[in-house]
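Structural features, examined
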Amino acid sequence: MKKTVIISIFIFAFLIFMFGMAFRTVSTGKDISFFSSGEPTDNFLSEIEILDNGSIKVRELIKMNGEYNGMERDVSYANSSSESYNGDISAIEGNSDLYDGSSITDVKVGSISNDGNLTFDDFNKSVNYFDEVSYASNGTASKYTYSTFMDEVNLKIYNPSSLDEIFYIEYTVTDVVVVHEDIAELAWNTLGEGYRENIGDYEVKVVLPNSDSDYRVWLHGPLNGEIERTSNSEAIGTFNFLGAYNPVSVRLIFDKSLVPNATKTCGLIAEDAIIAYQTKLSDEANLEREAIRNANRILIIICVVWAIASISLAVVVYLKEKKMKTTEFNMEYFRDFPASYGPEVL
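Report on the accompanying structure.

In this section: the overall build of the chain. Each helix and strand counted, the chain has two helices and 16 strands in total. At a minimum sequence separation of 6, the contacts of the chain that also span at least 24 residues come to 70%. Carbon and sulfur atoms form 53% of the exposed surface of the chain, whose accessible area is close to 19,300 Å².

In terms of strand pairing, strand β6 (residues 131–132) meets strand β7 (residues 143–149) through two bridges, oriented parallel. Directly across from Glu132, in β7, lies its bridge partner Tyr144. For β7 and strand β8 (residues 152–158), the ladder comprises seven bridges, and the chain directions are antiparallel. When the sheet's bridge partners are listed, Ser147 is paired in β8 with Asn154. Connecting β7 to the next strand, β8, in antiparallel fashion are two residues, including Met150 with a positive phi near 55 degrees.

In terms of nonpolar packing, the biggest core is built from 50 residues, with Ile50, Ile56, Ile157, Leu186, Tyr202 and Phe254 touching the most fellow members. When sequence neighbours within four positions are dropped, the list of residues in contact with Tyr202 reads Phe44, Ser46, Thr190, Leu191, Gly237, Thr238, Phe239, Leu242 and Val248. Core analysis: the next-biggest nonpolar cluster, separate from the first, contains 15 residues, Ala91, Ala187, Ile253 and Ile274 among them.

Per the counting criterion, the structure on display carries six aromatic pairs. On the numbers, 6.1 Å between centres and 25 degrees between planes, the contact of Phe120 with Phe123 is stacked. Comparing Phe120 with Phe123 shows no difference in burial state: the two are buried. For the pair Tyr129 and Tyr168, a centre-to-centre distance of 6.1 Å together with 80 degrees between the ring planes defines the contact as edge-to-face. Here Tyr168 lies in strand β9 (residues 165–174) and Tyr129 lies in strand β5 (residues 128–129), a separation of 39 residues in the sequence. Ring pairs connect the aromatic residues Phe44, Tyr195, Tyr202 and Phe239, which therefore count as one cluster.

Let us look at the sheet that holds strand β3 (residues 70–76). Spatially, β3-β8-β7-β6 is the arrangement adopted by the four strands of the open sheet, whose pairing is mixed. A single partner strand is all that each edge strand has here, and the edge strands are β3 and β6. Bridge count for β3 against β8 is seven bridges, and the pairing is antiparallel. Of the residues in β8, the one forming a bridge with Arg73 is Leu155.

This part takes up the pairing of strand β15 (residues 234–239). Each regular strand shows side chains that alternate between the opposite faces of the sheet. As judged from the six bridges shared by strand β12 (residues 199–207) and β15, these two strands associate in the antiparallel manner. Bridge pairing links Val206 to Ala235 in β15. Bridge count between strand β14 (residues 226–229) and β15: four bridges; the pairing is antiparallel. When the bridges of β15 are listed, Glu228 appears paired with Ile236. Between β14 and β15, which follow one another and run antiparallel, lie four residues.

Another aspect to go through is empty space enclosed by the protein. Tallying each qualifying case throughout the model produces one cavity of 30 Å³ or more. The volume enclosed by the largest cavity comes to roughly 40 Å³.

In space, the eight strands of this open sheet follow the order β5-β4-β9-β2-β1-β12-β15-β14, with mixed pairing throughout. Edge positions in the sheet fall to β5 and β14, since each of these pairs with one other strand and no more.

Here the focus is the layout of surface pockets. To find leftover empty space, one rolls a probe the size of a water molecule over the atoms. Considering only enclosed or pocket space, the largest pocket measures out at about 560 Å³ in volume. Gly94, Ala187, Trp188, Asn189 and Ser249 are, among the 26 residues lining the largest pocket, the residues nearest its centre. Those elements that place two or more of their residues in the lining of the largest pocket are β11 (184–189), β16 (249–254) and α2 (271–324). In terms of residue class, the lining of the largest pocket is built from 11 nonpolar, 11 polar and four charged.

In this section: the side chain of Ser82. Among the secondary structure elements, Ser82 is positioned in the loop between β3 and β4 (103–113). Given the relative accessible area of 19%, Ser82 is considered buried. Within polar-contact distance, the side chain of Ser82 engages the side chain of Asp100 at 3.3 Å. Excluding residues within four positions of it along the chain, Ser82 makes contact with Asn95, Ser96, Asp97 and Asp100.

Rules used in this analysis
Residues numbered from 1 in each chain as written. Predicted model: local features only at pLDDT ≥ 70, side-chain atom pairs only at ≥ 80, totals over all residues. Heavy atoms only, no water. Helix = DSSP H or I, 4+ residues; strand = E, 2+ residues; numbered from the N terminus. Contact = heavy atoms within 4.5 Å. Areas by Shrake-Rupley, 256 points an atom, 1.4 Å probe, with all protein chains shown as cover. Pairing = 2+ DSSP bridges. Core = buried A, V, L, I, M, F, W, Y, C linked by side-chain atoms within 4.5 Å. Buried < 20%, exposed > 50% of the residue type's maximum accessible area, 1.4 Å probe, protein only. Phe/Tyr/Trp six-rings, centres within 6.5 Å; stacked < 30°, edge-to-face > 60°. 1 Å grid on protein atoms, 1.4 Å probe; cavity = no way out; pocket = protein on both sides within 12 Å on 5 of 7 lines; lining within 4 Å. Points joined across faces, edges and corners; volume = space filled by probe spheres on them. Nonpolar A, V, L, I, M, F, W, Y, C, P; charged D, E, K, R; others polar. Polar contact = N/O pair within 3.5 Å; in protein donor to acceptor, adjacent residues only side chain to side chain.

Below you can see the structure in the form of structure tokens.
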């Protein structure tokens, strides 16, 4: 019987693990722990507002998890590995400096109160702006340091977890929108080279300067992400998990009359080429998603077959042990002697 109990416990633990692995893969597509108690960053919200001069105003809310003294955020305005734009239509594949910004300005850092679930409405809260300093130590509150390296701004923000506040970051990236001959376009990497920690939930909202019923939008990143138009001027992309150092980018094409003061022009007729290229990428991503779903189905089938085989084995072992313990003693059994007998009888 003891062996049966051990086998049953093993089966139960294995099934929990296997179904956890299947659920993890189905829901996130990433290799994360099913038993995780939370990610270093619980929530990260980005709001990208396209300005009529072709710049973007970015606001970020970051809710950390666990104990910390602060956080570090690197913000890039250009891709250091991009090639110089040569006027060719192949630039729409995103490998040229056509899509780089010119600078990062108007940086502000602060915090807002933590009232539970983080939503885009929290951007309307009052912000406690921090002071920029040249140096700060652990335990310091409401301070940050600012440094630059090449095309990147590095922010070290000091505000310990004991205050239970949400980090707020705001900045403007200049000269990002590209004005083609037929449309305007934003193609932007929202996290730079990638955020350094796992994020439990990541959302990015893109806001147009005005309404455009015909704008198109795409989201790039891990396959568990999705984006939808929420109005004629806004779109929201979501990831229910985002692994560390995973870049995320959004791409929009829209009426160029919405950015009358934009200065970056390229002379391309680009709309059809961009749509064709994005359709190709979407088809490839859908094929990969289907391959993952098929792998998950196979994993679930293996789990079910293993469960049936394991339970059957446990039943066989149980019946075998029970049969081995059956006795052939069929006589009447007395717990006590039925009468008083002398020593000579015993």
